[in-house]
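# Observations on the model geometry
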Amino acid sequence: MAGIFAEQSTAVNYDIPPVGAFFLFWFLICWLAVMEGGQGCLVGLQSIEKSKYAESHPQTLKNTSVAHKGDNMDRFIVGRQFLVVLVIFLINMCGSAIEDADPLGLPPGINSVFLTNGVAMMITTIVIGQLTTQVNAALCMLDFINNYFMLLTTYVSLAIEYSGILHSVYLVQYGFAFITKTPIESKDPPRGFIGNVFFWGRVLMSTAILCFALAVTIKALLTEQSGMYEGVPVAVSIVIFFLLMCIAGLMEGMQIAAFALINMPEEEIQTHRVAASNCKLMFTDQNLESFLIGRQIFVASLIFIVAKIATISIDEGGENIFGVGNGFQKFLDTGLLGAVVLTIIGSLAWRIIASSFPLAFMSNPIVNVIIRICLLLEASGICSACWILVRFQKRLVGYEPDDVYLEGAPKNGSEPITQHDKDVDRFLIVTRYVYSLALLIFCVVLVMAGISAEQSTAVNYDIPPVGAFFLFWFLICWLAVIEGGQGCLVGLQSIDKDSYAESHPKTLQNTSVAHKGDNMDRFIVGRQFLVVLIMFLINTCGSAVKEANPLGLPPGINSIFLTNGVAMMITAIVIGQLTSQVNASLFMLDFVNNYFMILTTYVSLAIEYSGILHSVYLVQYGFAVVTKTPVGSKEPPRKFIGNVFFWGRVLMSTAILCFALAVTIKALLTEQSGMYEGVPVAVSIVIFFVLMCIVGLMEGMQIAAFALINMPEEEIQTHRVAASNCKLMFTDQNLQAFLIGRQIFVATLIFIVAKIATISIDEGGENIFGVGNGFQKFLDTGLLGAVVLTIIGSLAWRIIASSFPLAFMSNPIIFVIIHMCLLLEKTGICSSAWVLARFNKKLVGYEPDDVYLEGAPKHGSEPVTKRDKDIDITITVIKYICSVALLIFCVIVVMSGIFSDQTVLAKDIHPSFAFVLFWFLIIWLAVMEGGQGSLVGLQRVDKDRYAVSHPRALKNTTIAHKGNNMERFIIGRQFLVVLFIFLINMCGMPADDDASIFDFNDKVVVEIFLRNGLAMMLITIVIGQLTSQVNAAVCMLDFINNYFMLMTTYISIGIEFSGLLHSVYLVQFAFSKLSGHPIKSKEPPRSGIKKACFWVQVVLSTALICFALAVTLEALLKSQGGMWDNIPPAASIAIFFALLCFIGLLEGTQIAAFEIMKMPEKEVAQHGVAAINCKLLFSGRHFQAFLVGRQILVACLMFVVANIVTIRIDVGTENIFSVGNGFQKFLNSGLLGAVVLTIVGSLAWRIVASSFPLAFMSNPIVYLIIRICLLLEATGICSSAFLLAMIHRTIVNYQPDEVYIGNLNNDLPKPTKRTSRGESFGMSIQRFQAEEEDEDDIEMNGETATCVQNIPPARSTTPALRGRRTPEHLTLGQTIRRLNTREVCEHDADDDDENIISHPVIQPGLRFPRKDEHT
């Protein structure tokens, strides 16, 4: 559009003005959409009896009556194909960019791809003009063509065919009919003599036109007068032109041939090997659907390219084609002849060939390549936006599936029909949450920046920034308590107080006060004033002064969000209102179980008791007289003194109200209010009262609506406007949406009124009514404005609405207000409230009321409602996006460091060597991390079950499971992992402290990610550890079925055999003696020689570890290691050992946890600290999260230790212990540091933990460690590992182990019953979970077992009926409860819904679709 309106499209070459080009472009797109969807409808409706839709779809009947008459369907397809090509040619003329076009000033590369080469135009046409309508037409045929535009298209297509311009294609048809000796089928009677003459005359004419069109196109290519790309030789141009038409023709024919082969016997197809291979690829899984979508993208793109090439472009003064006249040349320039060539040679002819020889056609090896390209195009998701447009179009136009009309199925309305619809709805929900959350964060930052920069109105009241900050958030929190608290107190009126007296004592105090006599009504009156007053005060703290711009934002954004207070409004509405209302609707007992709510209740009652609002009772009594309905009360009649006191307060309140109105109007008249600049005085007053009326209307609408719920429909129908308003409000989920939108609208208007009613007198200005300065300061607080708004703009309207609900709802303005509220809710601007409610619920530990009232099980952090689950998915999506972006950034940082010679190995050797070694080590580390879990997990699986299918996996397990080799492998592998981390650290760690990347100015980012190695750590953890562990958890056999893992197994066992780590056995023997447990072995006792060799290795290993420790300490003492600058040697040594201990604790905690799983709960409970740690560790899904977080934390600490103990000495300067230069080079390699870390920081702690698991878990530091690990996992910093695992699994085609050896869960022993609570700590941990479809589970490998914890089934939380409530007391939260919007979180059963394009049913063998699966 930018190119068209900037006159930088080819439309200017044809003297088409921008407006004309704009309308022509979109008209052609819409017409193309009608054609693409219409053909499918006309074809699909051939088998449907027309009488079934004759009445419901009269235009559809006209369409099908014309198209299905005789051979008109074939004629329509021929004419439509030319029309499609011609329309694409014309779209190309309107939307193609001229040379050097750059309307938006984009970077040259992006501009060249999307504008110059026409990719933007292609995607627009394919998505909007083709795929969107094809998808909708597939399910809603009757609705789609029930219009005169399609009827016009049908006639135009038939007219094009009738003209004979394309009749040369019949030559091909008759030729192949003669070759195949198959008569041409026809539904028309045989042609007579004149009919034959007319037919063959048109064939000759069409052939001549085709030859001329070809001659013109080739001539234009030869004379370089076509749209061919610059620099392409003439001969190559002609080759490219015909090659593109052949590829387009192949794809046109492939679709025809594929559906022709569906009905062919499999034995016949198997006789053609290439065709059978192509069919197998096309019909596997969902490939047919993907191919059809990818084919559409590919064909349309090629048509655009051919259109560009075949369009004749003659320079001014250039020679015309074949010397024709200028008028005829203009006709040639339109591209009509190119469209003829492409339609006949590049489409229709290939279709005829494919339908005549489908097997021969599919035997072309190029077909396999084209199928894969189409599958790749669809998998890229480049045109997935069409599914979103499909959903919008369906809801906007009101399409219904055909079975609604043909089979009497119920209407879907706005409900999703297919799985794609459900996916789109979920995507839109996630998008709303994400953008609303981002908007809220932006608003909070902007408001806080204004306060801290002293650019808020708080400075006018001499409130310092710190004071304004705390006052602002105190008011927001109090507002949240008030908003949620009212709903709770109203909702708990019908609940017996004895049922929560013990569990919620403070709630009992609240309700005892609020539910006494008429206190509930008094509370609501006082609370309404308190809400308005707090909003006035929030406005005082958070409003911006003139010309405020603390963040230097663009003027437009700054004006909207800061100057006009939108940021402050969104902050207050989301955090201070909606969030608490959402939680209060489900967790009433927990929400008001605090002293802050008790204080609020007393304050609200005190405000009402003060009499400041008693004038509202005049309205109440007035309408009681009018309606002749006595004012209800739960208290005895007032006595004389009580009446005097009551009516005295009414008079006082009326006087205050009148004075408040006078002050406000006076401020507006003298322009001393907060009214926007430039608004005339009279208009200001009108605006003020209009806004209060709108606020009052919305306050009353809620009351009137609920009053009408219980009214007979016949009575409502007597009031036409009210009936129309009620129908709109109560349709589908409109009531809930209205209440949310109403809340946003009302709060926004209250803030605007607060701004207007706030008195602002310039220094030295005249006080209102000449009052004293002290009283003027009181008036400046806005208290009187709050009184006016509360009584006139809220309470009075509620009384009117409750007295005359039908008359109130008969106001036509209400219809507009309902639509505005629905629109506000639909925008999702405040959807972040649901996200905050979810966080608040998990943080505070709210439980649904039926947990306490009905004994329902606790939910913990599990989702309670369907919306909770949507929010959890949203958070997961955010984690994936952020984690992937972070990983990409980290890869760029490390690679830039390597190739700029800034890392240790890149500087000392060569960047290319460091690059190759880095990724080789990452891949090998991945093999080791996943391989260990696979070898451990396969110990209990009979090897015969996978001996044939996985021969290399068998070799691996045969070696690893022989004798004690598994323990040896784990020890050697652990050293290998640590060594690799040391080597990776050398490859990716900067050699100098002043390293930088891309001249990046942000020193903090460079320091954290490059110099401190965080980027390198994240790459290693995500790509080198977690990704492989996730895949190995469910695909053990496939993962280790390679020689690389076999080599790793031998090397790991070889490292252990070398004796390098044998000192760890000293620890093992020592703790065996202490614990009294013999060391288990699967091998016979060692002989004398073997025992001697073993102990020699132990001694040598002990000597080595002592030497390694001495070298490390010496380097630290002399500051020759990688310790951070300015840290004293003593502190360096302390940090080093502290890190080793912390790593060891992490390693041991995992081992101890697995050991405790097997223990009775009673035994664990005897150790208080251990029991607390275990309860935390095994609660909910904490164990999975701990394993992920532990992996991240261990790897990070290992990198830190590796950096600290890496010796950095220039050889020959001052070597450690004065060793030789050669030996110093060896010390610099970090091998000794790896030995220390492996033995002291890992293996020793594992042995301690396995020997004394309960004592190990009784360490209070373990609790802190668990919390840190859970926090690390919750951040989602490494969530990209799961995405990479899925991509990796797809590429290498890993299959779950149960595919080869059945379900491993059946092999697990059933857990033993325990006396305490009936289970042990480990019962909930299920091993070897192979059902990858449940994406909510996290797979992780453990040292001793592969553990996956199942999510407990969703529990019903529908509350019991709470009793009837008076409509005027209903808040948003209470209404949500009343409307049964508290949906139970269930697993989606959507996966089995039919897709837009039906999936073929697979049969054995070659697995082709059944004949009856396709029309």
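Analysis parameters
Residues numbered from 1 in each chain as written. Predicted model: local features only at pLDDT ≥ 70, side-chain atom pairs only at ≥ 80, totals over all residues. Heavy atoms only, no water. Helix = DSSP H or I, 4+ residues; strand = E, 2+ residues; numbered from the N terminus. Buried < 20%, exposed > 50% of the residue type's maximum accessible area, 1.4 Å probe, protein only. Contact = heavy atoms within 4.5 Å. Phe/Tyr/Trp six-rings, centres within 6.5 Å; stacked < 30°, edge-to-face > 60°. Axes fitted to C-alpha atoms, helices over the stretch in contact; angles between N-to-C directions. Parallel < 35°, antiparallel > 145°, perpendicular 65-115°, else oblique. Nonpolar A, V, L, I, M, F, W, Y, C, P; charged D, E, K, R; others polar. Salt bridge = Lys/Arg side-chain N within 4 Å of Asp/Glu carboxyl O. Left-handed = near helix turned anticlockwise from the far one by under 90°. Expected span 1.5 Å × (residues − 1). Bend = angle between axes of the 7 residues up to and from the residue. pLDDT = per-residue confidence, 0-100. Disulfide = S-S within 2.5 Å. Patch = residues over 30% accessible without salt bridge, like charges linked within 9 Å, V, L, I, M, F, W, Y side chains within 5 Å. Areas by Shrake-Rupley, 256 points an atom, 1.4 Å probe, with all protein chains shown as cover.

Time to look at the overall build of the protein chain. A count of helices and strands for the protein chain gives 62 helices and 3 strands. Taking the principal axes of the C-alpha coordinates as reference, the protein chain spans close to 115 × 105 × 65 Å. Here the protein chain holds 1415 residues, and 52% of them are scored as buried. Taking the contacts inside the protein chain whose residues are at least 6 apart along the sequence as the reference set, 84% of them involve residues at least 24 apart.

It is worth spelling out the packing of aromatic side chains at this point. Within this structure, the stated rule accounts for 51 aromatic pairs. Plain terms: the ring middles of F474 and W478 are 5.7 Å apart, the flat faces sit at 50° to each other, and that makes the pair tilted. Highlighted residues: F474 and W478, both in helix α22 (residues 465-491), separated by 4 residues, approximately one helical turn. A relative accessible area of 13% places W478 in the buried class.

Take the packing of helix α45 (residues 965-988) against helix α49 (residues 1043-1057) next. Each pair of packed helices gets described by two things: the angle between the helix axes and the distance between those axes. One can describe the packing of α45 onto α49 by two numbers: an axis separation of 7 Å at closest approach and a directional angle of 90°. When the axes of α45 and α49 are compared, the pair comes out roughly perpendicular. Along the contact surface, α45 presents N965, R968, F969, I971, G972, R973, F975 and L976, while α49 presents M1045, T1048, T1049, I1051, S1052, I1053, I1055 and E1056. Residues of the contact of α45 with α49, tallied by class, amount to 8 nonpolar, 5 polar and 3 charged.

Let us look at the pattern of salt bridges. A complete count under the given rule lists 20 salt bridges for this structure. Across the pair E1083 and R968 runs a salt bridge, and its minimum N-O distance is 2.8 Å. Of this pair, E1083 sits in the loop between α50 (1064-1075) and α51 (1088-1117) while R968 sits in helix α45; the two residues are 115 residues apart in sequence, bridging distant segments of the chain. When the shortest N-O distance is used, the salt bridge between R1190 and E1147 registers 3.6 Å. Note that R1190 is positioned in helix α55 (residues 1182-1205) and E1147 in helix α52 (residues 1129-1157), a separation of 43 residues in sequence. A single burial state applies to R1190 and to E1147, both of which are buried. Through salt bridges with shared partners, a single ionic network connects E252, R295 and R351.

This next bit is on the side chain of T132. Within the fold, T132 resides in helix α6 (residues 119-139). A relative accessible area of 5% places T132 in the buried class. Apart from the residues lying within four places of it in its own chain, the contact partners of T132 are V127, C386, L389, V390 and Q393.

Our next topic: the packing of helix α43 (residues 911-937) against helix α47 (residues 1014-1034). At a minimum axis distance of 8 Å, the contact between α43 and α47 shows a crossing angle of 35°. Judged by the twist between their axes, the crossing of α43 over α47 is right-handed. Counting all contacts with α43, which are made through F918, W919, I922, L925, A926, E929, G930 and S934, the residues of α47 involved are M1016, I1019, T1020, I1023, G1024, Q1025, S1028, Q1029 and A1032.

Owing to its 3.6 residues per turn, the α-helix brings residues three or four apart onto one side. When the terminal C-alpha atoms of helix α26 (residues 566-586) are compared, their 29 Å separation across 21 residues agrees well with the 30 Å that a helix rising 1.5 Å per residue should span. Within α26, the axis deviates most sharply at V574, by approximately 30°.

This next bit is on the confidence of the model for the protein chain. Across the protein chain, the average pLDDT comes to 82, with 90% of residues at or above 70. Taken together, the stretch residues 1308-1415 has pLDDT below 50 and engages in 283 contacts with residues farther than four places along the chain or on a different chain.

The next thing to look at is the side chain of Q776. In this structure, Q776 sits in helix α35 (residues 773-780). Q776 sits in the buried class, given a relative accessible area of 3%. Setting aside chain neighbours within four positions, we find Q776 in contact with I759, I761, N767, I768 and V771.

Residue position: I694 is located in helix α31 (residues 681-709). For I694, a relative accessible area of 24% corresponds to the partly exposed category. Taking the C-alpha atoms as reference, I694 lies 9.3 Å from I813; in sequence the two are 119 residues apart.

Backbone geometry places E547, a non-glycine residue, at a positive phi of 60°. Mapped onto the fold, E547 is located in the loop between α24 (519-542) and α25 (555-563). Residue N1293 is not a glycine yet carries a positive backbone phi of 60°. By the secondary structure assignment, N1293 is in the loop between α60 (1280-1292) and α61 (1298-1301).

Moving on, we get to the state of the cysteines. In a disulfide, the sulfur atoms of two cysteines are covalently bonded to one another. For the structure shown, the criterion picks out 0 disulfides. The thiol sulfur of C383 is not disulfide-bonded, and the nearest other cysteine sulfur, from C386, lies at 6.9 Å. Its sulfur unpaired, C477 is 13 Å from the next cysteine sulfur, which belongs to C541. Overall, the relative accessible area of 43% leaves C477 in the partly exposed class.

Let's shift gears to the environment of L789. Structurally, L789 can be placed in helix α36 (residues 783-803). When near neighbours in sequence (up to four residues on either side) are disregarded, L789 contacts V532, F536, M692, I750, V753 and S794.

Residues Y880, L1283, M1286, I1287, I1291 and V1292 make up a contiguous nonpolar surface patch of roughly 510 Å² in combined accessible area. Among the elements that line the nonpolar patch, the one with the most residues is α60, at 5 residues. Considering the arrangement of structural elements, one finds I1287 in helix α60. Judged by its relative accessible area of 39%, I1287 is partly exposed.

Turning to the environment of I123, a few remarks are in order. Residue placement: I123 occurs in helix α6. You can call I123 partly exposed: its relative accessible area is 23%. In this structure the C-alpha to C-alpha distance between I123 and I297, which are 174 residues apart in sequence, comes to 8.3 Å.

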